[in-house]
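Architecture and fold: a report
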Amino acid sequence: MPNSNDKSPTQRLRNAPRCQATAKGTGKRCKCTAVRGWRVCQVHGDGGGHRPGPSHPRWVHGGRSRDVTEARLLANLLARGLNSPFVIGGQIA
Ligand SMILES: [Zn+2]
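Heads up: these notes are all about the structure in this document. (Residues numbered from 1 in each chain as written. Predicted model: local features only at pLDDT ≥ 70, side-chain atom pairs only at ≥ 80, totals over all residues.)

1. Looking at the overall build of the protein chain
If you tally the helices and strands in the protein chain, you get two helices and two strands. Mapped from its N terminus to its C terminus, the protein chain presents α and β elements in the order α-α-β-β. Scored against the burial criterion, the 93 residues of the protein chain give a buried share of 2%. (Helix = DSSP H or I, 4+ residues; strand = E, 2+ residues; numbered from the N terminus. Buried ≥ 20, exposed ≤ 12 C-beta atoms within 10 Å, placed from the backbone.)

2. A look at the environment of lysine 28
Looking at the element boundaries, lysine 28 is found in the loop between α1 (9–15) and α2 (66–80). Assessed through the 8 C-beta atoms surrounding it within 10 Å, lysine 28 is described here as exposed. With residues up to four places along the chain from it excluded, the contact list for lysine 28 reads Thr22 and Ala23. (Contact = placed C-beta atoms within 7 Å.)

3. Here we look at α2
In this model α2 runs 21 Å from its N-terminal to its C-terminal C-alpha over 15 residues, within 8% of the 21 Å that 1.5 Å per residue would give. Of all 15 residues in α2, zero are buried; the element is thus mostly exposed. One or two positions beyond α2, positive phi appears at glycine 81, with a value near 75 degrees. (Expected span 1.5 Å × (residues − 1).)

4. Re the environment of lysine 31
Structurally, lysine 31 can be placed in the loop between α1 and α2. On the basis of neighbour count, lysine 31 is assigned to the exposed category, with 12 C-beta atoms found within 10 Å. Along the sequence, lysine 31 and arginine 18 sit 13 residues apart, while their C-alpha atoms lie 5.1 Å from each other. For lysine 31, the residues in contact, after removing those within four places along its chain, are Arg18 and Cys19.

Structure below.
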């Protein structure tokens, strides 16, 4: 990323990532600026929370964990070969 301070402050704020939470009151996207490193704004739960993985209190068996899901996706792609809709020009999309 180039130096992000070379733009005007207004432009930097406009380009900032937006909160992806859905407001319960309106049913619409929040659209506030997301906190750095998070997908949501301060109101919708930045910070706190457990880190994902076996130490998470809702961890059961790990069969649906990110690593296993990713590996399963890759194994499926390999099994299907290059006819998969997720392979474009020999690259996994
Ligand atoms: Zn929000």
